[in-house]
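As a plain string of letters, each chain reads:
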Amino acid sequence: MAWVRAWRAGLVPFDELAEEIAGDEEHLVADAPGTWTDVPLAQALPAFAKLPPDDIRLVLPAPGDPRGLPGPGELTGAALLEGEAVMTPTFGVVPSVRTHTSGSGVTFETVMWRFYPVATYKPVFQMGSAEAEAELTQALTDATTQLTRLDVAQWRPELAGALQALRRPESTATLPPGFDPRSRRLFARASILDQVLTLAEHNAPGGAVNTYEAQQRDAALRPLLNACRQALVAACNAPLHA
């Protein structure tokens, strides 16, 4: 929720928030303070109105890495399941994607954000953008080297090409006003990693990769995934500047 942080810093107007966050997707919110039913995203955003930007933090947990979450409980369980949460000192919000099929057979998705109360929450130490950028660069280099040794370009050329693209900072992904150039560059590079990982999740057509090769590929990409999660968190939670 980088846009919510920018709003709380006085850098973007409230009227733009919901559209910037949701784009052309439908976003609903459950259990927002002061509501009794699911509401559109714009009606839930005022829950952040009294929070300074540094009290709003993106968390991207993974199995075995719950950093940034409170102790065991419903919120932590939901965040680990979805791999994402927005944390504040008094509540956390976790998104999930729901797939629907209309009567005519058209499939569409809704993003459902659910609020969870927080009794006690203290943010953990977070890697800065400079360190996160260095780690992402090293992870990209290591992954490319290992996948070249595995000859991934032969049986998964689009994955090899995506990795090469990821090493370059060109991207249309952007953060709202207030973020410094390093954070913007870091976010732009890390935000396209999902495309790479989506390619990596599927075996090459025609059985060109066996189980062992798939395991080796996944092992090579795992550190890159971890570095990318850290990079996104560092970029989105970076200090804001007027």
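Model, not experiment: these values are computed from the prediction. (Residues numbered from 1 in each chain as written. Predicted model: local features only at pLDDT ≥ 70, side-chain atom pairs only at ≥ 80, totals over all residues. Heavy atoms only, no water.)

Draft legend 1. Local environment of the layout of surface pockets. Empty space within the second largest pocket amounts to approximately 330 Å³. If you trace the second largest pocket, you find 19 residues lining it, with Arg67, Val124, Phe125, Gln126 and Val233 closest to the centre. Counting residues per element, the ones that place at least two in the lining of the second largest pocket are strand E3 (57-59) and helix H10 (211-236). (1 Å grid on protein atoms, 1.4 Å probe; cavity = no way out; pocket = protein on both sides within 12 Å on 5 of 7 lines; lining within 4 Å. Points joined across faces, edges and corners; volume = space filled by probe spheres on them. Helix = DSSP H or I, 4+ residues; strand = E, 2+ residues; numbered from the N terminus.)

Draft legend 2. Geometry of the packing of helix H5 (residues 129-149) against helix H8 (residues 181-191). The N-to-C vectors of H5 and H8 enclose an angle of 30°; their axes lie 10 Å apart at closest approach. As the angle between them shows, H5 and H8 are arranged roughly parallel. The chirality of how H5 crosses H8 is left-handed. On H8, the residues touching Ser129, Ala130, Ala132, Glu133, Leu136, Thr137 and Leu140 of H5 are Arg182, Ser183, Arg185, Leu186, Arg189 and Ala190. (Axes fitted to C-alpha atoms, helices over the stretch in contact; angles between N-to-C directions. Parallel < 35°, antiparallel > 145°, perpendicular 65-115°, else oblique. Left-handed = near helix turned anticlockwise from the far one by under 90°. Contact = heavy atoms within 4.5 Å.)

Draft legend 3. Spotlight on the nonpolar core. Of all hydrophobic cores here, the largest spans 29 residues; its most connected members are Leu136, Leu186 and Leu224. Sort the elements by how many residues they give to this core and H10 lands first, with 11 residues. Those residues in contact with Leu136, other than ones at most four positions away along the chain, are Leu186, Arg189, Ala190, Leu224, Ala227, Cys228 and Ala231. With 23 residues, the next largest nonpolar core counts Ala22, Leu51, Val93 and Val111 among its residues. (Core = buried A, V, L, I, M, F, W, Y, C linked by side-chain atoms within 4.5 Å. Buried < 20%, exposed > 50% of the residue type's maximum accessible area, 1.4 Å probe, protein only.)

Draft legend 4. Inspection of the side chain of Arg5 at higher detail. In this structure, Arg5 sits in helix H1 (residues 2-8). Its relative accessible area of 2% is what places Arg5 among the buried residues. In this structure the side chain of Arg5 is engaged in a polar contact, spanning 3.0 Å, whose partner is the backbone oxygen of Pro53. (Polar contact = N/O pair within 3.5 Å; in protein donor to acceptor, adjacent residues only side chain to side chain.)

Draft legend 5. Region of the structure containing the packing of H8 against H10. Axis separation between H8 and H10 bottoms out at 9 Å; the angle between their running directions is 145°. As H8 packs across H10, the resulting crossing turns out to be left-handed. Note on element contacts: H10 touches H8 through Cys228, Ala231, Leu232, Ala234, Ala235 and Cys236, opposite Ser183, Leu186, Phe187, Ala190 and Ser191. Classifying every residue of the contact of H8 with H10 by side-chain character gives 9 nonpolar, 2 polar and no charged. (Nonpolar A, V, L, I, M, F, W, Y, C, P; charged D, E, K, R; others polar.)

Draft legend 6. Representation of the side chain of Asp65 in the model. Its place among the elements puts Asp65 in the loop between E3 and helix H4 (74-82). Within the local environment of Asp65, its side chain forms a polar contact with the side chain of Arg229, the two groups lying 3.0 Å apart.

Draft legend 7. Inspection of the pattern of salt bridges at higher detail. Scanning the model with the defined rule gives 6 salt bridges in all. With a closest N to O distance of 3.2 Å, Asp54 and Arg5 form a salt bridge. Of the two residues, Asp54 sits in the loop between helix H3 (41-44) and E3 while Arg5 sits in helix H1, which places them 49 residues apart along the sequence. With its nearest N and O atoms 2.6 Å apart, the salt bridge here joins Glu133 to Arg185. Of this pair, Glu133 sits in helix H5 while Arg185 is found in helix H8, placing the two residues 52 residues apart along the sequence. Note on Glu133: relative accessible area 10%, which makes it buried. Residue classification places Arg185 among the partly exposed positions, given a relative accessible area of 33%. Overlapping salt bridges, with partners in common, bring together Asp65, Arg67 and Arg229 in one network. (Salt bridge = Lys/Arg side-chain N within 4 Å of Asp/Glu carboxyl O.)

Draft legend 8. Summary view of unusual backbone geometry. For Asp31, which is not glycine, the phi dihedral falls at a positive 65°. You can see Asp31 is positioned in the loop between strand E1 (26-30) and strand E2 (39-40).

Draft legend 9. Region of interest: H4. All buried positions along H4 are accounted for by Leu75, Thr76, Ala78 and Ala79. Taken down its axis, H4 places every buried residue within 165° of arc, on the same side. Away from the buried face of H4 by more than 90 degrees, exposed residues Glu74 and Leu81 are located. A positive phi of about 80° marks Gly83, the residue just after H4. (Arc of directions from axis to C-beta.)

Draft legend 10. Region of the structure containing the environment of Ala143. With respect to the element layout, Ala143 can be found in helix H5. Separated by 75 residues in the primary sequence, Ala143 and Asp218 have C-alpha atoms spaced 10.0 Å apart. If we ignore the near neighbours within four places in the chain, the residues touching Ala143 are Ala220 and Leu224.

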